[in-house]
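The residues making up each chain are set out below.
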Amino acid sequence: MILHSYITTLKIQLRDKSAMALMILFPIILTLVIGSSLETKLGQRITEKAIIGIVNLDRGIEIKSREDESILYLSDEFFEQLNNDTVKEIIAYLEYENMDKCLLDLDNNKLDAIYVIPNEYSSMLKDKEETSIDIYIGNRSRDGAFIARQFLSTFCNRSNINSIADDDREIELINKVYSKSYIEEIGFSNDYFPRAIDYYGVTMLIMVCLYGGMYSVRIISRIFLHDMGNKLVSTRKGLFDVYIGTSFASITTVFLQIVFLFLFFKYIYKVNYGNDYLSLFAVIFVFIVFSILLGQFLVLLCNSEGAASGTINILIIALSFITNSYVILDQGNGLFEHIVNNFLPNAVAINYLFSEIYITESVSMITAIFTITIYIILLLSFSILLLKKRRGR
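Thresholds, definitions, all that
- Residues numbered from 1 in each chain as written.
- Predicted model: local features only at pLDDT ≥ 70, side-chain atom pairs only at ≥ 80, totals over all residues.
- Heavy atoms only, no water.
- Core = buried A, V, L, I, M, F, W, Y, C linked by side-chain atoms within 4.5 Å.
- Buried < 20%, exposed > 50% of the residue type's maximum accessible area, 1.4 Å probe, protein only.
- Helix = DSSP H or I, 4+ residues; strand = E, 2+ residues; numbered from the N terminus.
- Contact = heavy atoms within 4.5 Å.
- Salt bridge = Lys/Arg side-chain N within 4 Å of Asp/Glu carboxyl O.
- Polar contact = N/O pair within 3.5 Å; in protein donor to acceptor, adjacent residues only side chain to side chain.
- Pairing = 2+ DSSP bridges.
- Axes fitted to C-alpha atoms, helices over the stretch in contact; angles between N-to-C directions.

Side note on the nonpolar core
Core analysis: the largest hydrophobic core is formed by 74 residues, its most contacted members being Ile-258 and Tyr-273. Mapped by element, the contributors of at least two residues to this core are α2 (17-37), α8 (196-211), α9 (213-224), α10 (236-267), α11 (277-302), α12 (305-322), α14 (345-357) and α15 (365-391). Looking at this core, the element that brings in the most residues is α11, giving 16 residues. Dropping the residues within four chain positions of it, Ile-258 is found in contact with Leu-205, Val-208, Cys-209, Phe-281, Ile-284 and Ile-288. The next biggest cluster of nonpolar side chains, apart from the first, holds 24 residues, and it includes Phe-78, Ala-113, Ile-133 and Phe-155.

Here it is as structure tokens:
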């Protein structure tokens, strides 16, 4: 029964030309439309420099020697990275003494972002304690905001261990900074420039995975809500066999579409997807499972194809918007930002993909899979309860 349901469902979905065309062409066209509206050449690197204001409040640390005393500013390394020839091609920065003036320029769209280095920055690092460089994002340009976040994350994740001499002793200072937004954790190497297409090549894949939930809404509705499925689910065993078979069929269909889009974006749009394709597809596969189970759960919960379809559409749009699939939002540094970054499944997936592509090590594959799997277990558990309730009718 499971194999029969799998094959039958797979044939139905693969023959649905309108759905297949929508799932494949929609992200391709949307990427072109967004790129055109932003006047960005998707196939080329971002050439407009990001303009960043820096408020450096670092008070440094005292270094005593036999001859004299001096002040060491560990924030100097941050400026050394900003003055790297490669970075200078895409970032220009202005130093401000007054935070109010800097914020005013950000509000007037003279800056893409602001970096604020706290006054205890050096002393905290000397004591090997966690500290942060805060970032404020403006509305001057989307690409500028993207670059500003990328650079900060790259510095946070790739800073080296520095050594300073104090008399005959060597003090090792681990210069590790923790930024907050998940987009801030997207890095880039000096050998690779970020492009708009690289960003959308990732977010569109995850969005298509989410829309894969529509397959399960349609097929589960046909089976459980329409007369055509009554014979299949007339027995207890048949009910769960059909559920399992249709689930695997929907997962297979969406996964094949993702593979096609991956190849299209990679070889036609030249999107950078890194080198570890096995890990990348492992996380994508788990996320597809989540999306399919989400659609099935909504059908069983709402007991209506129209209600389930409308609900999942709203969820997809909301989740995509909140996690910056369309435009980059300044989520702040509060509870909302923390929930988005650490608990929304599509944010976790996007975060991992960028982490893997740009080798920032900000999110591990295990963490991403574990987080999404929790949602899968919850959806599966609630769906089984609803199936048992339906079976008992």
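Once you've had a look at it, read on.
Some words on the pattern of salt bridges
Pairing between side chains of opposite charge can happen when the charged atoms of each approach one another. The final tally for this structure, using the stated rule, is three salt bridges. A salt bridge links Arg-59 to Glu-120; its shortest N-O distance comes to 2.0 Å. You can see Arg-59 sitting in the loop between β1 (50-56) and β2 (61-64) and its partner Glu-120 sitting in the loop between β5 (113-117) and α6 (121-126), a full 61 residues away along the chain. Look at Glu-120 and you get partly exposed, because its relative accessible area is 31%.

Remarks on the environment of Ser-381
Considering the arrangement of structural elements, one finds Ser-381 in helix α15. The spacing of Ser-381 and Phe-297 is 84 residues in sequence and 9.6 Å in space, taken between C-alpha atoms. A polar contact is formed between the side chain of Ser-381 and the backbone oxygen of Ile-377, at a distance of 2.7 Å.

Some words on the sheet that holds β1
Strand order in this open sheet of four strands is β4-β1-β5-β6, and the pairing throughout is mixed. Edge strands, defined here as strands with exactly one partner in the open sheet, are β4 (91-96) and β6 (134-137). Sheet twist, expressed as the average angle between the axes of neighbouring strands with direction ignored, equals 25 degrees. Bridge analysis of β1 against β4 gives six bridges, and the strand direction is parallel. The residue of β4 that forms the bridge with Ala-50 is Ile-91. Contacts between helix α5 (residues 99-107) and the sheet are confined to β1, β4, β5 and β6, with β5 contributing the most and set at about 160 degrees to the helix.

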